[in-house]
Amino acid sequence: MDQFEVPIMRAEGTVEEGFEAVRDAFAEGQAQDEGGAQLCVYRHGRRVVDLWTGMDKLNDRPFTADTITILMSCTKAVTAVCVHILAQRGLIDYDAPVARYWPEFAAREKAAITVRDILAHRAGLMGFDEETGISGRNLFDWNRCTAALANMEPWWKPGSAYFYHAVTFGYLAGELVRRVSGKTVGEFVDAEIAGPLKLDLWIGLPSEQEYRVAPHIVPAAQLTEEQGRALFSALGLDMNSRPVRAVFHMITTGNEGLNLVNTREAHAAELPFGNGIANARALAKMYAACIGEIDGVRLLTRETMERARESQDDGLSAPASLTALVGPGPQRFGLGFELPRAIEPMLGAGSFGHAGAGGRMAFAHPESGTAVAYVCNSMLWDGISGPDQRWLGWTNALRDAIVAFVPIV
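Residues numbered from 1 in each chain as written. Predicted model: local features only at pLDDT ≥ 70, side-chain atom pairs only at ≥ 80, totals over all residues. Heavy atoms only, no water.

*Asks:* How do you make sense of helix α6 (residues 185-197) when you look at a structure like this?
*Replies:* One full turn of an α-helix is made of 3.6 residues, so residues set three or four places apart face in the same direction. At Ala191, α6 shows its maximal bend, which comes to roughly 35 degrees. The inward-facing, buried residues of α6 abut α2 (74-88), α5 (168-181), β6 (201-202) and α11 (280-291). Note on α6: the residue one or two positions beyond its end, Lys198, has a positive phi of about 55 degrees. (Bend = angle between axes of the 7 residues up to and from the residue. Helix = DSSP H or I, 4+ residues; strand = E, 2+ residues; numbered from the N terminus. Contact = heavy atoms within 4.5 Å.)

Here it is as structure tokens:
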């Protein structure tokens, strides 16, 4: 084979007539990926694309339809659905203070923080203060993490700015679910989402399912503390700033977290910011049930869905101390979901969903009745420099396949 020729990759699975180009583009996009991936698409409640390819490299076995793997931050959307289910039952008010449901949270100038602020990443609690010592395995201690957040002073005036709460979102939203429902997030997902829809989806994986997991492939190059300091210095960040120090601590201890993700301990824990485990079929079906009825189940009412995808950050920006960390095309948020942006185009305006570290992506586009999930186990996407190249071909092919039915803006 010529050295410049793209190797031929075969995608297993099925597509309905008219979606053949999606299959071909998915296979081509995976050609240079040493790991495996799945792509599933529902349209108007019917599965029209169901594909998989590649390898579970660390276990030296094919990546199959039944393989499950970690969802990274796609988990946040699952957690958000839990909050929305409680809200549409009248048990949570988006504009109520979090302290109504979690009284201890009112401490240290947080009495006015609302549920909406948490879901929109504007609560000013985007990380743990470094003096808490929380990182790595400490993240498995739910009570320690939620107590630390309840006792923490916001890094900025809540509601005045926003910045991705990459880790703390799971504890903030998850504790709301626990306080209101009496169930942990994992228990709630099992009872209200995975159970009714018969999904292979867990936050807190049972031991009997562990054999199905394809571990994620940890990047060879990881940021050292010295490199982190050089980067922060080059960006002109003030290392005396409390938020900057905390972000630095979070980033430079992330190496430990990336390695922990592949352990049974991490899979068994309930970390609703990033350790959901599923396959593409499960995640796509969940989104399909957020925008319509499937198998007799609809998770979100039309009214709740519309609220969930309303932009919450228009007119706001990152806090001044962290502006230098915002890349081109900053994240946009609805209530617990990401909204389309240049490097996460989804299917354009109206889409809502969430990406996950390394390249996981799932979303819905109500106007075309489409729900999509792409699950992989390679950490190839940096989330900053542009869209994941593996997405582009099949996303464009999917748009072409459905645009004849419903034009996508």
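Continuing now.
*Asks:* Please explain the environment of Arg264 as it appears in this structure.
*Replies:* Of note, Arg264 is situated in helix α10 (residues 264-268). The spacing of Arg264 and Val213 is 51 residues in sequence and 9.9 Å in space, taken between C-alpha atoms. Setting aside residues up to four positions removed in sequence, Arg264 forms contacts with Leu205, Pro206, Ser207 and Glu210. Within the structure, Arg264 has its side chain in polar contact with the side chain of Glu210 (distance 2.9 Å). (Polar contact = N/O pair within 3.5 Å; in protein donor to acceptor, adjacent residues only side chain to side chain.)

*Asks:* What am I meant to see in the packing of α2 against α5 here?
*Replies:* The relative placement of two packed helices comes down to the angle between their axes together with the axis-to-axis distance. At their nearest, the axes of α2 and α5 sit 10 Å apart, and the two run at 30 degrees to each other. Here α2 lies roughly parallel to α5, going by the angle between them. The two elements α2 and α5 cross, and the hand of that crossing is left-handed. Residue-level contacts link Lys76, Thr79, Cys82, Val83 and Leu86 of α2 to Phe169, Ala173, Gly174, Val177, Val180 and Ser181 of α5. Considering only residue class, the contact of α2 with α5 consists of seven nonpolar, three polar and one charged. (Axes fitted to C-alpha atoms, helices over the stretch in contact; angles between N-to-C directions. Parallel < 35°, antiparallel > 145°, perpendicular 65-115°, else oblique. Left-handed = near helix turned anticlockwise from the far one by under 90°. Nonpolar A, V, L, I, M, F, W, Y, C, P; charged D, E, K, R; others polar.)

*Asks:* Honestly, α11 in this entry has me stumped. Any pointers?
*Replies:* Relative to the 16 Å expected for twelve residues at 1.5 Å per residue, α11 spans 17 Å between its end C-alpha atoms, a close match to the ideal helical length. For α11, the buried fraction is high: eleven of the twelve residues fall into the buried class. Turning to α11, its buried residues are Ala280, Ala282, Leu283, Ala284, Lys285, Met286, Tyr287, Ala288, Ala289, Cys290 and Ile291. (Expected span 1.5 Å × (residues − 1). Buried < 20%, exposed > 50% of the residue type's maximum accessible area, 1.4 Å probe, protein only.)

Purely spatial values, then, with no claim about function.
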